[in-house]
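# Summary of structural features
Now for the letters of each chain:
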Amino acid sequence: KTNLIVNYLPQNMTQEELKSLFGSIGEIESCKLVRDKITGQSLGYGFVNYVDPKDAEKAINTLNGLRLQTKTIKVSYARPSSASIRDANLYVSGLPKSMTQKDLEQLFSQYGRIITSRILVDQVTGVSRGVGFIRFDKRIEAEEAIKGLNGQKPPGATEPITVKFANNPSQKTNQAILSQLYHSPNRRYPTPLAQQAQRFRFPPMTIDGMTSLAGINIPGHAGTGWCIFVYNLAPDADESILWQMFGPFGAVTNVKVIRDFNTNKCKGFGFVTMTNYDEAAMAIASLNGYRLGDRVLQVSFKTNKTHK
């Protein structure tokens, strides 16, 4: 009972500031602010491990609910991972644009204890995109929320909302998902994935003539769609694997693997452009952390800071 998780930290708060805030309560053994591995941006949460359990308890009592800038931080005991809490993250779409994060939590809190929630907003206008994520304490609570709210109209909404799991598929479900995606109803294709691109609904015909994605100013938004950055691809990765991974989530307009000029091997990253924001967000939520071969992929909206 010495390890705490701290949620809803201000975006610009550093690990040092987190450490000094929690260090004011008692002696800290370790402190970690969690950052995006590619962009280095804070993900808004961190872990603080005290030497003495009494200090951890005191930190919860003292600092939970503290206002920092525009955020109210949440301090609770960090939980060891177990099957009952894994994959309890929900993806919610079709939310009324006027709905706030607080409204979203209120709507879902009847089903269980919410660990984190967020509503995605347009980075330029700040307006809600009508899409959010809710992480419950336990998977069973998330299942109840899907039963209770999927296809329902929340107060003030004219359209029903969609509520589904946003989990990173584990290896087992991985294989199941891939086999569902790549066989037609009447016969399975036992061939390796890479040979199936030609059967796919977005034939990768225009790959060689693709335009460069440089110079796009709105993060993730390429005039014709949403640009997704895919990192940690294997040297032999090619465009067909990107079509196959992202195609099932919705309309893909183009894909590009970045290659080394001399060896023509993939340099470890690529880009995928999808037409529809909700579908792109769902693809990111499902494929970030996805294990492809012996590598774990990192998938996020392209920002100007990442490789051009």
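This text gives an overview of the structure that appears in the document. Worth saying up front: this structure is predicted, and the values here are computed from it rather than measured.

Thresholds, definitions, all that
- Residues numbered from 1 in each chain as written.
- Predicted model: local features only at pLDDT ≥ 70, side-chain atom pairs only at ≥ 80, totals over all residues.
- Heavy atoms only, no water.
- Pairing = 2+ DSSP bridges.
- Helix = DSSP H or I, 4+ residues; strand = E, 2+ residues; numbered from the N terminus.
- Axes fitted to C-alpha atoms, helices over the stretch in contact; angles between N-to-C directions.
- Contact = heavy atoms within 4.5 Å.
- Buried < 20%, exposed > 50% of the residue type's maximum accessible area, 1.4 Å probe, protein only.

### Comments concerning the sheet that holds strand 9 (residues 128-136)
A sheet is described by the order of its strands in space; here four strands give the open sequence 8-9-7-10, paired in antiparallel fashion. The sheet is open, and its two edges are formed by strand 8 (114-121) and strand 10 (162-165), each paired on a single side. Pairwise comparison of adjacent strand axes, ignoring direction, gives a mean angle of 20° for this sheet. Running at roughly 135° to strand 8, helix 3 (residues 101-108) makes contact with strand 7 (89-93), strand 8, strand 9 and strand 10 of the sheet. Strands strand 7, strand 9 and strand 10 of the sheet are contacted by helix 4 (residues 139-149), whose axis makes an angle of about 155° with strand 10.

### Considerations on the sheet that holds strand 3 (residues 42-50)
Overall, antiparallel pairing links the four strands, which are arranged 2-3-1-6 in an open sheet. Each having just a single partner strand, strand 2 (28-35) and strand 6 (74-77) make up the two edges of the open sheet. Looking at each pair of strands side by side, their axes are set apart by 20° on average, direction ignored. Along the sheet, helix 1 (residues 15-23) makes contact with strand 1 (3-7), strand 2, strand 3 and strand 6, crossing strand 2 at roughly 145°. Helix 2 (residues 53-63) rests against strand 1, strand 3 and strand 6 of the sheet, and its axis sits at about 155° to strand 6.

### Structural notes on the side chain of Ser76
Here Ser76 shows up in strand 6. A relative accessible area of 14% places Ser76 in the buried class. The residues touching Ser76, leaving out its near neighbours within four places in the chain, are Asn3, Leu4, Ile5 and Ile60.

### Here's the deal with unusual backbone geometry
Unusually for a residue other than glycine, Tyr8 sits at a positive phi of about 60°. Structurally, Tyr8 is set in the loop between strand 1 and helix 1. Tyr8 gets classed as buried once you look at its relative accessible area, which sits at 16%. At Asn264, a residue that is not glycine, the phi angle is positive and equals roughly 65°. Mapped onto the elements of the fold, Asn264 is located in the loop between strand 13 (252-259) and strand 14 (266-274).

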